[in-house]
Amino acid sequence: MKFLDQAKVYIRSGNGGAGAVSFRREKFIEFGGPDGGDGGRGGDVWLEVVDGLNTLIDYRYQQHFKAQTGVHGMGRNMTGAKGADIVLKVPVGTQVYEEDNETLICDLTQVGQRYLLAKGGNGGFGNQHFKTSTNQAPRRANPGLEGQEMWIWLRLKLIADAGLVGLPNAGKSTFLASVTAAKPKIADYPFTTLHPGLGVARIDAREFVIADIPGLIEGAHEGVGIGDRFLGHVERTRVLLHLVSAQEENPGKVYKVVRGELEAYGHGLADKIEIVALSQVDTLDADERKKKAASLKRAAGRAPIMLSAVTREGVEETLRALMSVVEEARQLSGDVAPADARWTK
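Definitions and limits used
- Residues numbered from 1 in each chain as written.
- Predicted model: local features only at pLDDT ≥ 70, side-chain atom pairs only at ≥ 80, totals over all residues.
- Heavy atoms only, no water.
- Helix = DSSP H or I, 4+ residues; strand = E, 2+ residues; numbered from the N terminus.
- Rg over C-alpha atoms; globule rule 2.2 N^0.38 Å.
- Buried < 20%, exposed > 50% of the residue type's maximum accessible area, 1.4 Å probe, protein only.
- Salt bridge = Lys/Arg side-chain N within 4 Å of Asp/Glu carboxyl O.
- Core = buried A, V, L, I, M, F, W, Y, C linked by side-chain atoms within 4.5 Å.
- Contact = heavy atoms within 4.5 Å.
- Pairing = 2+ DSSP bridges.
- Axes fitted to C-alpha atoms, helices over the stretch in contact; angles between N-to-C directions.
- Right-handed = clockwise from strand over helix to strand, strands pointing away.
- Phe/Tyr/Trp six-rings, centres within 6.5 Å; stacked < 30°, edge-to-face > 60°.
- Lys NZ or Arg CZ within 6 Å of the ring centre and 35° of its normal.

**Student:** Looking at this model, I keep getting lost on the overall build of the chain. Mind explaining?
**Tutor:** Of regular secondary structure, the chain possesses five helices and 15 strands. The C-alpha radius of gyration of the chain comes to 29 Å, more than 25% above the 20 Å expected for a compact globule of 345 residues. Referenced to the eigenvectors of the C-alpha coordinate spread, the extents of the chain come out at roughly 110 × 40 × 30 Å. When each of the 345 residues of the chain is scored for burial, the buried share is 47%.

Here you go:
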């Protein structure tokens, strides 16, 4: 399945049905009076979070969604049926923006959440509603109200506990493959990872979700390389694992490059708790290890974890460090139910 994390779609709720103009015409009822029914309400447009989706690819092939118009009213006081709703199914972590792609409408973070995007128009009154003591036979009825229409942006930000950041070929995909059941593409050339990946890691009978994103290079916030568009997928994480390859000539300089890109991106990424690891240390001898670890320590301000996903050196230490931060954050956070009436569970 292809990965798509942003899509623009058009939605329109249904128009209300028109009211009816009708009169009773039974044989033995001389003054039957009006009996025109009301029109049905138009269908609504809903967003619903469902399990099993991790991409917005469905909205690449269909961009227009229109709810059904309400049925018109009929004689004998028959009210028209409500128009069928339309439901847009999206993965967990989907954000909805207005057409300007800046104004946030809602943020969907739990399976089962539903949000009313556009309410259908009310049905019009039939002529029975306009009967008065001075107007016993009204011959007018209301048309239904029009539905709402708009263009919206759907933007997916993956839900994960920990995020992997670093330059291309820093060993992020290798680490993800070694600690989870995920099978990312791994190769010895830059930008092997072209879209984010998720995996569930397990340590000491506890589990947490890790997100891997394409590598960053200097100038990514200006669009260099793949750019920083995938950094949104680690915005929701509780902790970042910053991997610096031991094959770099100057690990400290490389660390500062990635930190600079995180700070340029903003959205609180630079303020997240960060665990620093020198990866691929199985390629170094003892002297080189000390030299490059010292360089990274000076830049990061703390001693890095010596990590090798191939030999499993430092893997458990890294997972325990990540799990410690994740558990603490889980205990501090609490789920708050939305107060807006447009939300339903």
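On we go.
**Student:** Please explain the pattern of salt bridges as it appears in this structure.
**Tutor:** When the charged atoms of two side chains with opposite charge come close together, those side chains can pair. Considering all chains together, one arrives at 17 salt bridges under this definition. For the salt bridge of Arg 12 with Glu 149, the shortest nitrogen-to-oxygen distance reads 3.8 Å. Residue Arg 12 is located in strand β1 (residues 6-12), and its partner Glu 149 is located in strand β8 (residues 149-156); the two are separated by 137 residues in the primary sequence. When its relative accessible area of 18% is taken as the criterion, Arg 12 is described as buried. Here Glu 149 falls in the partly exposed class, since its relative accessible area comes to 48%. In this structure, Asp 44 engages Arg 41 in a salt bridge whose closest nitrogen and oxygen atoms are separated by 3.0 Å. Asp 44 sits in the buried class, given a relative accessible area of 5%.

**Student:** Looking at this model, I keep getting lost on the nonpolar core. Mind explaining?
**Tutor:** Across soluble globular proteins, you tend to see nonpolar side chains buried next to one another. Core analysis: the largest hydrophobic core is formed by 26 residues, its most contacted members being Ile 11, Leu 47, Tyr 59 and Leu 154. Where this core is concerned, the elements lending two or more residues are β1, β2 (45-49), β4 (86-90), β6 (104-108), β7 (114-118) and β8. Once you skip the residues sitting within four places of it in the chain, Ile 11 turns out to touch Val 45, Phe 65, Leu 88, Leu 117, Ala 118, Gln 148, Glu 149, Met 150 and Ile 152. Counting 24 residues, the second-largest nonpolar core is a separate cluster that includes Leu 241, Val 315, Leu 319 and Met 323.

**Student:** What am I meant to see in the sheet that holds strand β3 (residues 64-66) here?
**Tutor:** Strands belonging to one sheet form pairs held by backbone hydrogen bonds; the direction of such a pair is parallel or antiparallel. Taken together, the five strands give an open sheet; going across it, the order is β3-β1-β8-β5-β6, and neighbouring strands pair in mixed fashion. Strands with a single pairing partner mark the edges of an open sheet, and in this sheet they are β3 and β6. Direction aside, neighbouring strands of the sheet carry axes that sit 25 degrees apart on average. Note: β1 against β8, seven bridges, orientation antiparallel. Counterpart to Lys 8 in the pairing with β8 is Trp 153.

**Student:** So what exactly am I meant to see when it comes to the pairing of strand β13 (residues 273-279) here?
**Tutor:** Walk down a regular strand and you will see the side chains alternate between the two sheet faces. With six of its seven residues buried, β13 lies for the most part within the structure. Alignment of strand β12 (residues 239-245) against β13, held across seven bridges, turns out to be parallel. Residue Leu 240 lies in a different strand from β13, and its bridge partner there is Glu 274. In this region the chain leaves β12, passes through helix α3 (residues 251-265) and returns to the parallel neighbour β13; the handedness of that crossover is right-handed. Where β13 meets strand β14 (residues 305-306), two bridges bridge the pair, whose relative direction is parallel. Each residue of the ladder has a partner; that of Ala 277, found in β14, is Ile 305. This β-α-β element, β13 to helix α4 (residues 286-300) to β14, shows right-handed connectivity.

**Student:** Looking at this structure, I do not really get the environment of Val 209. What am I missing?
**Tutor:** Residue placement: Val 209 occurs in strand β11 (residues 206-212). Separated by 49 residues in sequence, Val 209 and Ala 160 place their C-alpha atoms 5.0 Å apart. Look past the residues within four positions of Val 209 in its chain and what remains in contact with it is Ile 159, Ala 160, Asp 161, Ala 162, Leu 198, Gly 199 and Val 200.

**Student:** Would you explain the packing of aromatic side chains in this entry?
**Tutor:** The way to describe two aromatic rings as a pair is by their centre distance and the angle between their planes. Applying the stated criterion across every chain yields a total of two aromatic pairs. Over the face of the ring belonging to Phe 130 we find Arg 140, whose NZ or CZ atom lies 3.9 Å from the ring centre. Of note, Arg 155 hangs over the ring of Tyr 97, and the distance from its end group to the ring centre comes to 4.1 Å.

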